Amino acid sequence: MTNSPLSPVTPDLITFSDSEALAGALAAAVATDLRAGIEARGGALLALSGGTTPRRFLQHLSEQPLDWDKVTVTLVDERWVAPDNDRSNARLLAEHLLRGAAAAAHFLPLFRDTPEPEDALPELERRFAGLPAAFDAIVLGMGTDGHTASFFPGGDHLAAALDPASAAHLLPMRAPGAGEARITLTLPVLLAARHLYLHIEGAAKRDVLDAALAEPATQAPIAAVLRQAPAPVRTYWCP
């Protein structure tokens, strides 16, 4: 049973003294999830977030001993920019995760060289429909506006992306705070993950998280995930 969209929820908050300790612990936890997936199903599926916060975590994850050639990695969301752009999440993974032994992982990018994300959506949906039904692990981030993935307040497809009954794996998103057009995994994909994490750092984001739980999901989209997840979301935070 999932929580009502407006029911109280208490995230599984795990606090660390600093970002280095957090990154190492989160990397170890995700690696454990991936090993379990490989052992149970012969392969593991992982979705990661972009931005600046996860860089240290990604570096730690790249150093985890894993059968990386049995891991498929994709993104929670992506800006509609070329992979050599400084704002590309694919570039972030290439520079901080997919290196050394982890370079053997199979990377499934969300960006395609088309003018708009809608142009690539049918092909991406076909690719995602061929993946296992549930990700072994998904690691979310959160912005100071309460967005997670590309669930931005005021987003043009926010209601559809947050629809728990949606059959879509991916949707485009444009919003005043989003900058470029984006593409994002939908809420049902996130909620189906075997292990769902939220990674935030700093007092400001902790305040946003606390405040988000008192706001309607359309104003603080992170609340839609936290309130409807089948189990408390494991939230890794440091000051």
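Every value quoted in this text rests on a predicted model; they were computed, and no experiment measured them.

Conventions and cut-offs
- Residues numbered from 1 in each chain as written.
- Predicted model: local features only at pLDDT ≥ 70, side-chain atom pairs only at ≥ 80, totals over all residues.
- Heavy atoms only, no water.
- Helix = DSSP H or I, 4+ residues; strand = E, 2+ residues; numbered from the N terminus.
- Rg over C-alpha atoms; globule rule 2.2 N^0.38 Å.
- Buried < 20%, exposed > 50% of the residue type's maximum accessible area, 1.4 Å probe, protein only.
- Contact = heavy atoms within 4.5 Å.
- Areas by Shrake-Rupley, 256 points an atom, 1.4 Å probe, with all protein chains shown as cover.
- Lys, Arg positive; Asp, Glu negative; His and termini not counted.
- Charge placed at Lys NZ, Arg CZ, Asp CG, Glu CD.
- Axes fitted to C-alpha atoms, helices over the stretch in contact; angles between N-to-C directions.
- Parallel < 35°, antiparallel > 145°, perpendicular 65-115°, else oblique.
- Left-handed = near helix turned anticlockwise from the far one by under 90°.
- Nonpolar A, V, L, I, M, F, W, Y, C, P; charged D, E, K, R; others polar.
- Pairing = 2+ DSSP bridges.
- Phe/Tyr/Trp six-rings, centres within 6.5 Å; stacked < 30°, edge-to-face > 60°.
- Lys NZ or Arg CZ within 6 Å of the ring centre and 35° of its normal.
- pLDDT = per-residue confidence, 0-100.

Enquirer: Sorry if this is basic, but what is going on with the overall build of the protein here?
Expert: Within the protein, the secondary structure is distributed over eight helices and ten strands. Its C-alpha atoms give the protein a radius of gyration of 16 Å, within 12% of the compact-globule value 18 Å for 239 residues. Dimensions of the protein, computed from C-alpha atoms along their principal axes, come out at roughly 45 × 45 × 35 Å. For the protein, buried positions account for 54% of its 239 residues. Excluding contacts between residues fewer than 6 apart, the proportion of contacts in the protein whose partners are at least 24 apart in sequence is 75%. Total accessible area on the protein is roughly 10,000 Å²; 55% of this is exposed by carbon and sulfur atoms. Averaging the positions of the 19 positive and the 28 negative side-chain charges in the protein gives two centres separated by 3 Å.

Enquirer: Would you take a moment to explain the packing of helix 2 (residues 55-62) against helix 3 (residues 89-96) for this structure?
Expert: Helix packing geometry: the angle between the two helix axes and the distance between the axes. Where helix 2 contacts helix 3, the axes come no closer than 9 Å and their chain directions differ by 45°. Between helix 2 and helix 3, the angle falls in the class oblique. In this structure, helix 2 meets helix 3 at a crossing whose hand is right-handed. Residue-level contacts link Arg55, Leu58, Gln59 and Ser62 of helix 2 to Leu92, Leu93 and His96 of helix 3. For the contact of helix 2 with helix 3, the residue count by class is three nonpolar, three polar and one charged.

Enquirer: Got a minute to help me understand the environment of alanine 129 in this structure?
Expert: Looking at the secondary structure, you find alanine 129 in helix 4 (residues 117-129). Separated by eleven residues in the primary sequence, alanine 129 and leucine 140 place their C-alpha atoms 21 Å from one another.

Enquirer: Looking at this model, I keep getting lost on the sheet that holds strand 4 (residues 77-79). Mind explaining?
Expert: Sheets are built from strands paired through backbone hydrogen bonds, the pairs being either parallel or antiparallel. In space, the three strands of this open sheet follow the order 4-8-7, with antiparallel pairing throughout. Every interior strand has two partners, whereas the edge strands, strand 4 and strand 7 (170-173), have only one. Averaged over all pairs of adjacent strands, the angle between their axes in this sheet comes to 20°, without regard to strand direction. Sheet strands in contact with helix 4 are strand 7 and strand 8 (182-185), and its direction is about 160° off that of strand 7.

Enquirer: Got a minute to help me understand unusual backbone geometry in this structure?
Expert: What you tend to see is this: most non-glycine residues have negative phi, and most peptide bonds are trans. At alanine 149, a position not held by glycine, the phi torsion is positive, near 50°. When you line up the elements, alanine 149 lands in the loop between strand 6 (137-140) and helix 5 (158-161).

Enquirer: For this particular structure, what's the right way to read the pairing of strand 9 (residues 196-201)?
Expert: Here is the key point about a regular strand: its side chains alternate between the two faces of the sheet. Across the six residues that make up strand 9, a large majority, five, are buried. Pairing of strand 9 with strand 10 (residues 234-238) involves five bridges; the strand directions are parallel. When the sheet's bridge partners are listed, tyrosine 197 is paired in strand 10 with arginine 234.

Enquirer: Looking at this model, I keep getting lost on the packing of aromatic side chains. Mind explaining?
Expert: The geometry of an aromatic ring pair is captured by the separation of the ring centres together with the interplanar angle, meaning the angle of the planes. Counted according to the given criterion, the structure contains three aromatic pairs. Here tyrosine 197 and tyrosine 236 contribute two aromatic rings whose centre-to-centre distance is 5.8 Å and whose plane-to-plane angle is 65°, an arrangement assigned as edge-to-face. Taken as a pair, tyrosine 197 in strand 9 and tyrosine 236 in strand 10 lie far apart in primary sequence, 39 residues in all. This pair shows no difference in class: tyrosine 197 is buried, exactly as tyrosine 236 is. Above the face of the tryptophan 237 ring, arginine 206 is positioned so that its terminal group lies 5.1 Å from the ring centre.

Enquirer: Help me understand the confidence of the model for the protein in this model?
Expert: The share of residues in the protein with pLDDT of 70 or more is 95%, and the mean pLDDT across the chain is 94. Throughout residues 1-8 the model reports pLDDT below 50, and contacts reaching past four residues in sequence, or to other chains, amount to 14 contacts.

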